[in-house]
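Letter by letter, the chains look like this.
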2 protein chains.
Amino acid sequence: MDALFDRHQPTLAAALQATQDRGYWSAYPETPSGKIYGEAAKDDGLASYNARLGKPFALSGHPETAQIGAEVSPFGPPLCITYPATDVETLIAASQAAAPAWADTSVKTRVGICLEVLARLNRISFEIANAVMHTTGQAFAMAFQAGGPHAQDRGLEAVAYAFSEMTRTPTQAIWTKPQGKAEPIVLEKHWRIVPRGVSLVIGCQTFPTWNSYPGLFASLATGNTVIVKPHPGAILPLAITVSVIRQVLAEERFDANIALLAADAPGAEITRDLVENDAVSIIDYTGSNSFGDWVRRHAGKAQVYTEEAGVNSIVVAATDDFTGMCANIAFSLSLYSGQMCTAPQNIYVPRNGIETNDGHKSFDEVLVGMVAAIDKLLVDTARAAGICGAIANPATMARIEAARGLGRIVRDSASINAGDQHTATPLILAVDADRTDVHEEERFGPIAFIVGVADATDGIEKAASLARRKGAITAALYDTDEGRIDTAVDAFAKAGVNLSINLTGGIFVNQSAAFSDFHVTGANPAGNASLTDTAFVANRFRTVMWRRPKAAGRITM
Amino acid sequence: MDALFDRHQPTLAAALQATQDRGYWSAYPETPSGKIYGEAAKDDGLASYNARLGKPFALSGHPETAQIGAEVSPFGPPLCITYPATDVETLIAASQAAAPAWADTSVKTRVGICLEVLARLNRISFEIANAVMHTTGQAFAMAFQAGGPHAQDRGLEAVAYAFSEMTRTPTQAIWTKPQGKAEPIVLEKHWRIVPRGVSLVIGCQTFPTWNSYPGLFASLATGNTVIVKPHPGAILPLAITVSVIRQVLAEERFDANIALLAADAPGAEITRDLVENDAVSIIDYTGSNSFGDWVRRHAGKAQVYTEEAGVNSIVVAATDDFTGMCANIAFSLSLYSGQMCTAPQNIYVPRNGIETNDGHKSFDEVLVGMVAAIDKLLVDTARAAGICGAIANPATMARIEAARGLGRIVRDSASINAGDQHTATPLILAVDADRTDVHEEERFGPIAFIVGVADATDGIEKAASLARRKGAITAALYDTDEGRIDTAVDAFAKAGVNLSINLTGGIFVNQSAAFSDFHVTGANPAGNASLTDTAFVANRFRTVMWRRPKAAGRITM
């Protein structure tokens with residue numbers, strides 16, 4: 001049964017080393033290249049995706065009392081795919097029925113299966129890229145990277161941490177307690193891993209795989225059964241994932257219902273019923289703060305791991321590369337039209353301007369520089385489409401419209417091609433810091449505020465304070481004063497937000513790399529957990545012992 | 001500042017190794033011997049204890065608006081000690097004011113201070129033994145062991161796990177991402193440990209130090225400030241502990257208010273106000289299930305670690321040492337008059353008896369054997385007093401009285417010396433398994449039921465089911481059938497309870513040894529946490545990063 005573990009053991013070992021080193025490492029190549037994935041992979045992936053459209057999604061043996069599905073590509077067409085769906089009680093019962101054999105399985109067998117699933121997911125990265133693209137609105141290249149290899153890396157990271165924790169305590173030991181001149185007391189002790197039970201993964205629309213894989217694979221590796229509840233607008237990427245898991249489980253002679261899909265329809269979501277079910281003992285949630293708060297309050301005794309939302313800030317204090325700074329920020333604001341939990345919203349700029357390698361720049365000159373950089377980045381419509389993708393949710397379009405009245409428009413949002421209804425470039429507004437009602441609310445999507453502050457220190461304080469109060473997943477600083485940089489490092493650390501300083505090249509504040517960057521700290525309202533640290537995996541299982549006086553021959557150490 | 005860390009580093013290293021090996025290891029000798037602790041240690045400890053009686057307890061610089069204290073020794077006399085006390089808001093404000101410097105301190109400095117505190121607590125183990133004895137009712141030898149060295153071992157174990165987790169991620173790394181033929185992107189990354197904030201430790205009356213030290217030292221080591229809320233009947237052992245912590249903190253030029261005592265009076269407890277305070281971000285709780293449930297529901301966003309209660313069982317299926325079995329069970333039932341979260345309550349015995357090395361024993365013969373073993377153990381009153389100690393809480397006396405009507409009394413409870421009001425030997429009742437209303441409720445104290453079951457397998461099933469439903473911290477089995485033992489191992493593991501098999505010598509089911517036995521699994525209603533595993537420490541702090549393009553000379557790896 002450990003053939004899969006043995007096959008993938010080198011990958012696991014490298015992943016474990018990477019979590020220690022935290023330098024650059026990736027198991028799954030991020031380049032959608034035929035040389036890596038096979039020359040036919042791109043066409044095959046598209047063909048596989050197309051073959052799924054317009055028909056029921058097959059999940060052999062999955063509980064089913066209805067077929068549900070109403071996904072519409074943000075790029076236009078409805079997917080017309082339906083998925084097997086049923087009520088919460090049936091899902092829970094099927095999950096619990098599958099549980100005992102999975103719980104009793106060895107760590108190596110479970111981890112081997114998880115690693116095989118990740119390897120197979122990697123092989124179908126092109127198909128998943130199309131599925132992610134047409135449910136999230138991400139452009140193809142991003143859908144491939146974030147939805148495919150990067151998500152797989154995050155899944156592998158979770159498996160590695162889970163393996164490390166599950167093997168931290170030996171499975172047996174001899175306990176010999178001296179008794180002075182008398183014979184010592186000698187006990188043999190045995191420990192085993194006991195999973196918590198049924199694990200619920202609640203996916204989001206914008207990153208259905210990247211944000212779900214850590215919790216999914218952490219729970220699966222630690223012996224829990226998993227019910228995957230996708231956003232009703234982004235079912236397909238997780239349905240494909242669940243189908244691959246079920247396939248490997250069935251091949252290894254496990255009940256495929258160890259992994260279930262909880263598909264539901266917009267307006268008839270079953271999420272609340274799942275969260276409130278007493279049998280659910282672990283919940284991974286990605287989504288809004290308001291529903292996250294509801295989940296935390298109604299989860300009962302379940303362990304809850306959340307990535308919610310916040311307001312991310314950039315403080316522009318000074319720079320020795322004004323052009324590079326503006327280009328870098330322009331990309332961060334434009335990428336996937338700001339529909340990232342890591343995208344910046346507020347850019348704090350001193351009202352009297354900043355010092356740069358091009359001399360002093362007034363507040364308005366900084367604005368102009370950033371707007372020009374965005375315009376330059378997006379002037380070519382094909383390139384713009386490749387960066388911005390499409391808007392996943394009509395509510396985001398409405399939010400852009402409403403935001404236009406919130407400040408001085410220094411760059412208006414527009415569709416990439418005239419008349420198209422599903423794209424939106426960044427809307428940039430200038431406001432003063434005192435308009436906290438405007439810029440201290442999260443406004444998800446391509447909406448950013450350039451916020452006038454007294455000086456750089458004021459900007460750092462305001463950004464850090466906002467992160468502490470409302471949550472933030474990323475923060476960025478541009479500065480040339482090392483003393484002030486040290487102050488900012490302290491301020492953002494106390495606010496529990498990861499800080500990027502002086503990014504001007506091909507790396508962006510939005511990016512979070514598995515095996516090196518912890519995504520979300522869990523130390524401010526943007527989430528209570530971190531992808532992936534020990535705390536994310538260690539409480540998904542418990543360790544139980546039996547002990548007895550040692551008898552000759554029964555145990556050898 | 002790291003002199004303390006360097007001094008105690010060998011102890012820490014040995015502790016870390018012990019948590020891996022999980023064989024027998026202890027840092028602090030459990031024998032109250034003059035050869036180990038100094039010939040004068042016993043008298044000095046008693047003198048120090050006596051010197052505290054009848055006067056205010058000095059905690060220099062501690063917030064104080066009143067003096068509170070109403071402890072009465074279970075052995076008779078009131079302690080007449082008062083403690084500095086104040087309202088919750090003042091405690092929280094003092095804790096928060098002390099927090100920043102402690103959070104900013106290096107891991108080594110904090111861990112060094114914790115290790116120094118533990119070493120000093122060890123040196124005053126005789127004083128603490130007297131304090132524990134006269135607040136809990138434990139006999140002196142047990143008060144010394146459980147209240148002194150064993151509690152210190154549990155504290156050290158928590159510090160070791162905390163150190164291991166805090167040093168798992170490097171403080172810095174170089175991240176070099178290849179860019180094909182272009183120059184790689186090179187970032188330097190820096191990580192730091194950020195504590196959660198104010199930590200609340202809620203102590204219990206029966207094991208004020210043993211049950212509090214793990215949470216207290218885990219939170220302190222990870223950079224949180226700590227408010228220690230003792231049971232109003234057992235303040236002194238934790239007041240001494242807090243005073244030692246404050247002394248070391250002050251010597252190391254930290255604000256002593258990093259550790260605060262939240263003394264309160266019976267009937268005017270401030271626990272609920274502390275739990276509901278938004279500033280409290282970690283809660284460690286030992287106590288009843290009903291209040292534990294309240295704590296979990298009212299803790300808001302705080303991390304909650306509980307040891308609650310359950311009903312512990314022994315299944316008697318067969319034995320090849322009937323006398324040894326009866327003697328072992330007799331001691332487990334008598335020790336500290338059953339006032340241990342680990343003490344057995346239900347002893348499941350087949351109605352048609354069991355096979356033993358002395359031939360078949362009927363149900364009643366098993367009863368008689370156990371009762372005789374208890375009587376023999378306690379026949380000498382001095383020895384009985386040394387085993388049973390005193391009853392900590394009058395409610396336990398009332399519970400014994402009420403329990404007399406619950407079944408057939410096969411051994412009545414009695415005082416050790418005629419007429420004394422504060423001791424009680426075990427009450428043993430025989431009931432049939434169908435009286436679940438009787439034996440499936442926790443009846444804390446020297447109350448045990450010998451429960452008639454169909455056969456050994458029925459007993460195993462009933463005991464495991466009870467553990468799963470109501471919680472259990474320990475389980476024991478006596479059996480000679482290896483196949484049935486395997487079945488029991490599986491059943492109790494699934495119920496999340498540690499199992500001891502065929503204990504007949506000088507080791508008892510009640511005993512849980514630091515560095516080897518995990519105390520409570522967190523996998524059934526007897527508690528949600530385990531002393532001590534990774535999950536107990538890893539979420540008491542968060543890891544926050546800053547990153548920037550690597551500049552020559554700024555970082556060397």
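Residues numbered from 1 in each chain as written. Chains lettered and ligands numbered in written order. Predicted model: local features only at pLDDT ≥ 70, side-chain atom pairs only at ≥ 80, totals over all residues. Heavy atoms only, no water.

> Tell me about the relation of the copies chain B and chain A, residues and numbers included.
One copy of the chain maps onto the other through a rotation about an axis plus a displacement along that axis. The transform that puts chain B on chain A rotates by 180° and translates by 0.0 Å along the axis, for an RMSD of 0.0 Å. The transformation just described matches what one would write down for a two-fold rotation axis. Closest approach to the rotation axis within chain B is made by the C-alpha atom of alanine 535 of chain B, at a distance of 3.1 Å. A shared binding surface is used by both copies, with 100% of the interface residues of chain B retained as interface residues in chain A. (Least-squares fit on C-alpha atoms with pLDDT ≥ 70 in both. Contact = heavy atoms within 4.5 Å.)

> Provide a residue-level description of the environment of aspartate 273 of chain B, including the pertinent values.
Its location among the elements puts aspartate 273 of chain B in helix H11 (residues 271-276). Each C-alpha atom, one on aspartate 273 of chain B and one on threonine 65 of chain B, is 17 Å from the other, the two residues being 208 residues apart in sequence. (Helix = DSSP H or I, 4+ residues; strand = E, 2+ residues; numbered from the N terminus.)

> Outline helix H16 (residues 394-403) of chain A, supporting the account with residue identities and numerical values.
Owing to its 3.6 residues per turn, the α-helix aligns residues three or four sequence positions apart on the same side. All names here are of chain A. Of the residues making up H16, those classed as buried are Thr396, Ile400 and Ala403. Seen from one end, H16 has its buried residues packed into an arc of 70°, which puts them on one side. Structural note: H16 exposes Pro394, Glu401 and Ala402 on the side pointing more than 90 degrees away from its buried face. Buried residues in H16 make contact with strand S16 (427-432) and strand S17 (447-453). (Buried < 20%, exposed > 50% of the residue type's maximum accessible area, 1.4 Å probe, protein only. Arc of directions from axis to C-beta.)

> So what's going on with the sheet that holds strand S15 (residues 408-411) of chain B? Which residues, and what values?
Overall, mixed pairing links the ten strands, which are arranged S3(A)-S4(A)-S20(A)-S19(B)-S18(B)-S10(B)-S12(B)-S17(B)-S16(B)-S15(B) in an open sheet. Each of the sheet's edge strands pairs with one partner strand only, and the pair in question is strand S3 (172-179) of chain A together with S15 of chain B. Put simply, the sheet's adjacent strands are angled 25° from each other on average, direction ignored. Taken together, the four bridges between strand S10 (residues 313-316) of chain B and strand S18 (residues 474-478) of chain B define a ladder with parallel strand orientation. The residue of S18 of chain B that forms the bridge with valine 316 of chain B is tyrosine 478 of chain B. (Pairing = 2+ DSSP bridges. Axes fitted to C-alpha atoms, helices over the stretch in contact; angles between N-to-C directions.)

> Before we move on, could you go through the sheet that holds strand S4 (residues 182-195) of chain B and cite the residues and values that matter?
Strand order in this open sheet of ten strands is S15(A)-S16(A)-S17(A)-S12(A)-S10(A)-S18(A)-S19(A)-S20(B)-S4(B)-S3(B), and the pairing throughout is mixed. Across the chains shown, the open sheet's two edge strands, defined by having one partner strand only, are strand S15 (408-411) of chain A together with strand S3 (172-179) of chain B. Each strand of the sheet is rotated relative to its neighbour by a mean of 25°, with strand direction disregarded. One ladder, built from three bridges, connects strand S10 (residues 313-316) of chain A with strand S12 (residues 346-350) of chain A; its direction is parallel.

> Now, about the interface of chain B and chain A: what can you tell me, with residues and values included?
Opposite the 72 residues of chain B that make contact, chain A presents 72 residues. Among the residues chain B hides against chain A, the three largest losses belong to Tyr24, Arg168 and Arg547 of chain B. Together they make up 13% of the total. Linking chain B with chain A are 16 salt bridges. The shortest N-O distance in the salt bridge between lysine 189 of chain B and aspartate 517 of chain A comes to 2.7 Å. If you tally residues by element for the side of chain B that touches chain A, the top one is strand S20 (residues 541-549) of chain B, at eight residues. Taken together, the residues of the side of chain B that touches chain A break down into 32 nonpolar, 19 polar and 21 charged. (Buried area = accessible area lost by both parts, 1.4 Å probe. Salt bridge = Lys/Arg side-chain N within 4 Å of Asp/Glu carboxyl O. Nonpolar A, V, L, I, M, F, W, Y, C, P; charged D, E, K, R; others polar.)

> Which residues make up the packing of helix H5 (residues 107-123) of chain A against helix H10 (residues 236-251) of chain A, and what values go with them?
All names here are of chain A. Here H5 crosses H10 at 135°, and the two axes come no closer than 9 Å. Taken together, the axis directions place H5 and H10 in an arrangement best described as oblique. Every pair of crossing elements has a handedness; the one defined by H5 and H10 is right-handed. Contact with H5, carried on its side by Ile113, Glu116, Val117, Arg120 and Leu121, involves Thr241, Val244, Ile245, Gln247, Val248, Leu249 and Glu251 of H10 and no other residues of that element. Residue composition of the contact of H5 with H10, grouped by class: seven nonpolar, two polar and three charged. (Parallel < 35°, antiparallel > 145°, perpendicular 65-115°, else oblique. Left-handed = near helix turned anticlockwise from the far one by under 90°.)

> Which residues make up the environment of arginine 123 of chain B, and what values go with them?
Residue and element names in this part refer to chain B. Along the chain, arginine 123 falls in helix H5 (residues 107-123). Residue classification places arginine 123 among the exposed positions, given a relative accessible area of 57%. In this structure the C-alpha to C-alpha distance between arginine 123 and glycine 471, which are 348 residues apart in sequence, comes to 36 Å.

> Can you explain the packing of helix H14 (residues 363-378) of chain A against helix H15 (residues 381-388) of chain A? Please cite residues and give values.
Residue and element names in this part refer to chain A. Contact pair H14 / H15: the axes reach a minimum separation of 7 Å and the direction vectors enclose 105°. With respect to each other, H14 and H15 are oriented roughly perpendicular. Residues Lys376, Leu377 and Leu378 of H14 lie in contact with H15, whose contacting residues are Thr381, Arg383, Ala384, Ile387 and Cys388. Tallied by class, the residues present in the contact of H14 with H15 amount to five nonpolar, one polar and two charged.

> Go over the pattern of salt bridges with me, naming the residues and quoting the values.
This model, assessed by the stated rule, comprises 60 salt bridges over all chains. Between glutamate 116 of chain A and arginine 120 of chain A there is a salt bridge whose closest N-O contact spans 2.7 Å. Taken as a pair, glutamate 116 of chain A and arginine 120 of chain A lie in helix H5 at a separation of four residues, close to a single helical turn. There is no split in this pair, since glutamate 116 of chain A and arginine 120 of chain A are both buried. The residue aspartate 533 of chain A makes a salt bridge to arginine 542 of chain B at a minimum N-O spacing of 3.0 Å. Remark: arginine 542 of chain B occurs in strand S20 and aspartate 533 of chain A occurs in the loop between strand S19 (498-501) and helix H20 (534-538); the pair is interchain, linking two chains. Take aspartate 533 of chain A and arginine 542 of chain B: they sit in the same class, and that class is buried. One salt-bridge network, held together by shared partners, links Arg7, Glu116, Arg120 and Glu251 of chain A.

> I'd like a description of the pairing of strand S4 (residues 182-195) of chain A, backed by residues and values.
Residues and elements named next belong to chain A. Judged from the seven bridges that link them, S3 and S4 form a sheet pairing that is antiparallel. In the strand pairing of S4, lysine 177 is matched with isoleucine 185. From the end of S3 to the start of S4, which pair antiparallel, there are two residues, and glycine 180 there has a positive phi angle of about 60°. When S4 meets strand S20 (residues 541-549), the two strands line up antiparallel, connected through nine bridges. For leucine 187, the partnering residue across the bridge sits in S20 and is proline 549.

> Please provide a residue-by-residue account of the side chain of threonine 86 of chain A, values included.
Residue and element names in this part refer to chain A. Assignment of secondary structure puts threonine 86 in the loop between strand S2 (83-85) and helix H4 (88-104). A polar contact of 3.1 Å, which involves the side chain of threonine 86, links it to the side chain of threonine 65. For threonine 86, the side chain forms a polar contact with the side chain of aspartate 87, separated by 3.2 Å. (Polar contact = N/O pair within 3.5 Å; in protein donor to acceptor, adjacent residues only side chain to side chain.)

> A description of helix H19 (residues 482-494) of chain A should follow, citing residues and the corresponding values.
With 13 residues, H19 of chain A extends 18 Å between its outermost C-alpha atoms, agreeing within 8% with the 18 Å of an ideal straight helix rising 1.5 Å per residue. Along H19 of chain A, the residues classified as buried are Ile485, Ala488, Val489, Phe492 and Ala493 of chain A. When H19 of chain A is viewed along its axis, its buried side chains cluster within an angular range of 125° and face the same direction. The inward-facing, buried residues of H19 of chain A contact S10, helix H18 (456-470), strand S18 (474-478) and S19 of chain A together with S4 and S20 of chain B. Capping the start of H19 of chain A is the job of one residue whose side-chain oxygen sits 2.9 Å from the backbone nitrogen of glycine 483 of chain A: aspartate 481 of chain A. With its phi angle positive at about 70°, glycine 496 of chain A sits one or two positions after the end of H19 of chain A. (Expected span 1.5 Å × (residues − 1).)

> Talk me through unusual backbone geometry; I want residue IDs and the actual numbers.
Put simply, leucine 531 of chain A and threonine 532 of chain A share a cis peptide bond, and its omega is -15°. Tracing the sequence through the fold places threonine 532 of chain A in the loop between S19 and H20. One non-glycine residue with positive phi stands out, namely serine 337 of chain A, at about 45°. Along the chain, serine 337 of chain A turns up in the loop between helix H13 (322-334) and S12. Of note, the phi angle at cysteine 80 of chain B is positive, near 55°, even though the residue is not glycine.

> For the side chain of serine 33 of chain A, give the residues involved together with the corresponding values.
Residue and element names in this part refer to chain A. Inspection of the secondary structure assignment puts serine 33 in the loop between helix H1 (3-21) and helix H2 (34-37). A distance of 3.0 Å separates a polar atom in the side chain of serine 33 from the backbone nitrogen of lysine 35. Those residues within four positions of serine 33 in sequence are excluded, and the remaining contacts are Gly38 and Phe126.

> Any details on the packing of aromatic side chains? Residues and values, ideally.
Residue and element names in this part refer to chain A. The final tally for this structure, using the stated rule, is 32 aromatic pairs over all chains. With 4.8 Å between their ring centres and 80° between their planes, tryptophan 25 and phenylalanine 515 make a pair best called edge-to-face. Within this pair, whereas tryptophan 25 is found in the loop between H1 and H2, its partner phenylalanine 515 is found in the loop between S19 and H20, the two being separated by 490 residues in sequence. Assessed through its relative accessible area of 0%, phenylalanine 515 is described here as buried. Aromatic rings pair up to connect Tyr37, Phe126, Phe140 and Phe144 into one cluster. (Phe/Tyr/Trp six-rings, centres within 6.5 Å; stacked < 30°, edge-to-face > 60°.)

> Quick rundown of a negative patch on the surface? Include the residues and the values.
On the surface, a cluster of negative charge is made up of Asp87, Glu89, Asp273 and Glu276 of chain A. As for its placement among the helices and strands, aspartate 87 of chain A is situated in the loop between S2 and H4. (Patch = residues over 30% accessible without salt bridge, like charges linked within 9 Å, V, L, I, M, F, W, Y side chains within 5 Å. Areas by Shrake-Rupley, 256 points an atom, 1.4 Å probe, with all protein chains shown as cover. Lys, Arg positive; Asp, Glu negative; His and termini not counted. Charge placed at Lys NZ, Arg CZ, Asp CG, Glu CD.)

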